[in-house]
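# Chain and residue survey
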Amino acid sequence: MKTTSIPPLRVSPELRKQAEAVLEQGETLSSFMLDALIRSIQCREARQQFIARGLASAAQAKKTGKYVAADRVIGKLARKLVKARQRAA
């Protein structure tokens, strides 16, 4: 696969020092930036997919008239939280 470049990133000297201070052994500033870019892209893709699923669900609910009451959803989430906390303890 052929690679390409991303435009240079201008940052303050302080930000550069902060980035360099958290580099792990053997890690370069370039590899740190590449990892940050990849993670940011993955996060945004996941957020976009989440929003798309929510909008599709809302449209389906509007179309069918079938909704789940908020109290029911919150109750189910609360029960799941209790179980998760019990497993973690």
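Residues numbered from 1 in each chain as written. Predicted model: local features only at pLDDT ≥ 70, side-chain atom pairs only at ≥ 80, totals over all residues. Heavy atoms only, no water.

### A few points about the layout of surface pockets
In this model, the largest pocket occupies a volume close to 630 Å³. Along the walls of the largest pocket sit 19 residues, with L9, L29, S30, M33 and L34 positioned nearest its centre. With 7 residues, the top contributor of residues to the lining of the largest pocket is helix α2 (residues 29-64). Across the lining of the largest pocket, the residue classes tally to 14 nonpolar, 3 polar and 2 charged. (1 Å grid on protein atoms, 1.4 Å probe; cavity = no way out; pocket = protein on both sides within 12 Å on 5 of 7 lines; lining within 4 Å. Points joined across faces, edges and corners; volume = space filled by probe spheres on them. Helix = DSSP H or I, 4+ residues; strand = E, 2+ residues; numbered from the N terminus. Nonpolar A, V, L, I, M, F, W, Y, C, P; charged D, E, K, R; others polar.)

### A short note on helix α3 (residues 70-88)
In a regular helix each residue adds 1.5 Å, so 19 residues correspond to 27 Å; α3 covers 27 Å between its end C-alpha atoms and thus fits that length. Within α3, only 0 of the 19 residues are buried, which leaves it mostly out in the open. (Expected span 1.5 Å × (residues − 1). Buried < 20%, exposed > 50% of the residue type's maximum accessible area, 1.4 Å probe, protein only.)

### Considerations on the environment of T64
As for its placement among the helices and strands, T64 is situated in helix α2. Note on T64: relative accessible area 39%, which makes it partly exposed. A polar side-chain atom of T64 sits 3.2 Å from the main-chain amide nitrogen of K66. (Polar contact = N/O pair within 3.5 Å; in protein donor to acceptor, adjacent residues only side chain to side chain.)

### With respect to α2
Look at α2: 52 Å from first C-alpha to last across 36 residues, which is about the 52 Å you get at 1.5 Å a residue. Trailing α2 by a residue or two, G65 shows a phi angle of about 75 degrees, which is positive.

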